[in-house]
Amino acid sequence: MTADPPADMNYPPIRNGMDYLRSVVAHLDREEPGERDLKYAVLHLQAATEVLLKALLVALDWTQVFSKPAEADQLAYEQGEFNSCRIEDAIKRLRGLGVEIAPEDKGNITHLAQQRNRLQHFGLTAAAPAIESRAAQVLDFLIAFVGDHLRPGLTGDDAQHLEQEMRHVREALPRIRGYSAIIMERIAPELAGREWYTLRCPDCAKWALLAEGGAVRCLFCETDWDAEAFPLPYVVGVLGHSWREYRKDPTGPAAQCPECGAYALIGGAHVAAQPEEDVQYCFGCSEVFNGLEPCLRCGQLYQPGPDHVAICNDCLGSMG
C-alpha cells in the first residue's frame, strides 16, 4: 500500500517560531542533555527568538523587518525575497515602537545570537551549565513576550495552537531551571559575604561571577577570563551592547582605572550588593567607584573632590 504524499508544508511565522521552541524544550528537558542536545538547543532557540521578534515587528510595521526600511517593497515582502534586519536591529526597532525589552533580556538574546553564529559557522566550545542557564532565561523572556505581545493579536485556530504549544514549554521550564538551582545552591556558601565582588556572568547570566583581586571566574559555569580582556564580554553579554561598537577601539569599552592603572574599568556595572545601582567597576583591582569623571587636561578618570575642580590632582600638581 502506497503511503499518502505529505501535506504541503505550512509554517507561518508564529507557528514556525513555536515549532522551534518545542524543539528546544525537547532537547533540554532531559536529565543530562548531551552535546547534540545542546547544539540544537542553541540553534533552534536563536531561530525561535529571531522569528518571534520579527513576527511582532511585522505585525506593528512590516517595512521595519527589511534591513533598509526605506527600500521596503510589498511584492518582495510577500514573496520573501529580501534581506531582513539583524536581531539587534529588530530589538531596537521594537523598542522604538513601544515594546519594552529589558537590557538584561537584550544581553541574553545578543549572547545567544553570538553562540549560534559561532556554532553554525566555526564550531563552539562552551560549558554545558552556561548553555542551559542562558537557554532557560531566554525561554523565560519568550514566554512573557509571546503572552504579552503575540497572543493578543491571534484568534481561532491560531490562538488555540499557540496556547497548546506554550503549555508544553511552560511545563518543561521548571525542570530545565531545576539543574541551575542545584548548582546555585551548591556554590552559595562560596559567594556568601562577597557580594561587592559578585557580578552576573556573561556566559551563563548567573550572579555567580567573582571578580576579586584581579581574578575573574564564574563559579556556576567554571569559566575564567583575563581581567583586562573581560570588559568586552561583560558589556556585550550582560549589558547588551553590540561588539561592533568597540571593534576598532584598542581598549574596547574599558577605561584606565585610577587605582591600579589597568584598562579594566567600565561604567554601568552591577554588583550583587546593590544590583539595581550602576557603578564603575574595575576588574583589575575589584574597586567599586561612583562619580569618576575624565580630567579636562589629561583625560584620565579621577574622583572629583568637594570643590569639584575639573582637573585631577596629578595635573594640578604639575601646574603648581
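Structure: above.
A brief report on the enclosed structure follows. These figures come from a predicted structure and were not determined experimentally.

Scanning the chain for helices and strands turns up 9 helices and 10 strands. Across its three principal directions, the C-alpha atoms of the chain cover 95 × 50 × 35 Å. Expressed as a percentage of its 320 residues, the buried residues of the chain come to 43%. Partitioning the intrachain contacts of the chain with sequence separation of at least 6 by distance along the chain shows that 54% fall at a separation of at least 24. For the chain, the accessible area works out to roughly 17,200 Å², and carbon and sulfur atoms hold 48% of it. The chain carries 29 positive and 46 negative side-chain charges, and their two centres are separated by 4 Å.

Along its 19 residues, helix 5 (residues 103–121) runs 27 Å from first to last C-alpha, staying within 8% of the 27 Å computed at 1.5 Å per residue. Every buried residue belonging to helix 5 is among Asp105, Lys106, Gly107, Asn108, Ile109, Thr110, His111, Leu112, Ala113, Gln115 and Leu119, and all of these are buried. Here the buried face of helix 5 lies against helix 2 (35–60), helix 4 (87–96), helix 6 (128–150), strand 1 (198–200) and helix 8 (231–237). Positive backbone phi, approximately 100°, marks Gly123, located one or two places after helix 5.

The subject of this paragraph is the pattern of salt bridges. Tallied over the entire structure, the rule returns 10 salt bridges. In this structure, the salt-bridge partner of Asp29 is Arg175, at a minimum N-O distance of 2.6 Å. You can see Asp29 sitting in the loop between helix 1 (13–28) and helix 2 and its partner Arg175 sitting in helix 7 (residues 156–191), a full 146 residues away along the chain. With relative accessibility at 28%, the residue Asp29 sits in the partly exposed group.

Summed over the entire model, instances satisfying the criterion amount to 10 aromatic pairs. Pairing Tyr77 with Phe82 gives two aromatic rings, centres 6.0 Å apart and planes at 40°, and the pair type is tilted. Owing to a relative accessible area of 25%, Phe82 belongs among the partly exposed residues under this scheme. By way of ring pairs, the aromatic residues Trp225, Phe230, Tyr234, Tyr281 and Phe283 are connected into one cluster.

Glancing now at the sheet that holds strand 7 (residues 279–282). Judged by pairing direction, the sheet is antiparallel, and its 4 strands sit side by side in the order 5-6-7-8 without closing on themselves. The open sheet terminates on both sides in strands that have one partner only, identified here as strand 5 (255–256) and strand 8 (288–289). Summarising the sheet, strand 7 and strand 8 pair through 2 bridges and their orientation is antiparallel. Each bridged residue has a counterpart across the sheet, and for Tyr281 the counterpart in strand 8 is Val288.

Another point: the sheet that holds strand 3 (residues 215–218). In a beta sheet, neighbouring strands pair by backbone hydrogen bonds and run either parallel or antiparallel. Spatial ordering of the open sheet is given by 1-2-3-4, a layout of 4 strands whose pairing is antiparallel. The open sheet has two free edges, formed respectively by strand 1 and strand 4 (224–225), since each of these has just one partner strand. Summarising the sheet, strand 1 and strand 2 (residues 207–212) pair through 3 bridges and their orientation is antiparallel. From the neighbouring strand, Thr198 faces strand 2, where its bridge partner is Leu210.

For the rest of this paragraph, the subject is the packing of helix 2 against helix 5. Here helix 2 crosses helix 5 at 125°, and the two axes come no closer than 9 Å. In terms of their interaxial angle, helix 2 and helix 5 are classed as oblique. Considering how the two elements wind past one another, helix 2 and helix 5 form a crossing that is left-handed. Seen from helix 2, the contacting residues are Lys39, Val42, Leu43, Leu45, Gln46, Thr49 and Leu53; seen from helix 5, they are Ile109, Leu112, Ala113, Gln115, Arg116, Leu119 and Gln120. Looking at the contact of helix 2 with helix 5 residue by residue, the classes come out as 8 nonpolar, 4 polar and 2 charged.

Okay, the nonpolar core next. With 49 residues, the main nonpolar core has Leu21, Leu45, Leu52 and Leu53 as its most contacted residues. Taken together, the elements giving at least two residues each to this core come down to helix 1, helix 2, helix 4, helix 5, helix 6 and helix 7. Contacts of Leu53, omitting those with residues within four sequence positions, involve Ile87, Ile91, Leu94, Ile101, Ile109, Phe141 and Phe145.

Here we come to the pairing of strand 2. The loop that links strand 1 with its antiparallel partner strand 2 comprises 6 residues; one of these, Ala205, has a positive phi angle of about 70°. Sheet topology note: the strand 2/strand 3 ladder contains 4 bridges and is antiparallel. Looking across to strand 3, one finds that Ala211 is bridged to Val216. The hairpin turn running from strand 2 into strand 3, its antiparallel successor, is 2 residues long, and Gly213 in that turn takes a positive phi close to 60°.

Another point: the state of the cysteines. Under the counting rule described, the total for this entry stands at 0 disulfides. Left without a disulfide partner, Cys221 is nearest to the cysteine sulfur of Cys218, which lies 3.6 Å away.

Conventions we followed
Residues numbered from 1 in each chain as written. Predicted model: local features only at pLDDT ≥ 70, side-chain atom pairs only at ≥ 80, totals over all residues. Heavy atoms only, no water. Helix = DSSP H or I, 4+ residues; strand = E, 2+ residues; numbered from the N terminus. Buried < 20%, exposed > 50% of the residue type's maximum accessible area, 1.4 Å probe, protein only. Contact = heavy atoms within 4.5 Å. Areas by Shrake-Rupley, 256 points an atom, 1.4 Å probe, with all protein chains shown as cover. Lys, Arg positive; Asp, Glu negative; His and termini not counted. Charge placed at Lys NZ, Arg CZ, Asp CG, Glu CD. Expected span 1.5 Å × (residues − 1). Salt bridge = Lys/Arg side-chain N within 4 Å of Asp/Glu carboxyl O. Phe/Tyr/Trp six-rings, centres within 6.5 Å; stacked < 30°, edge-to-face > 60°. Pairing = 2+ DSSP bridges. Axes fitted to C-alpha atoms, helices over the stretch in contact; angles between N-to-C directions. Parallel < 35°, antiparallel > 145°, perpendicular 65-115°, else oblique. Left-handed = near helix turned anticlockwise from the far one by under 90°. Nonpolar A, V, L, I, M, F, W, Y, C, P; charged D, E, K, R; others polar. Core = buried A, V, L, I, M, F, W, Y, C linked by side-chain atoms within 4.5 Å. Disulfide = S-S within 2.5 Å.

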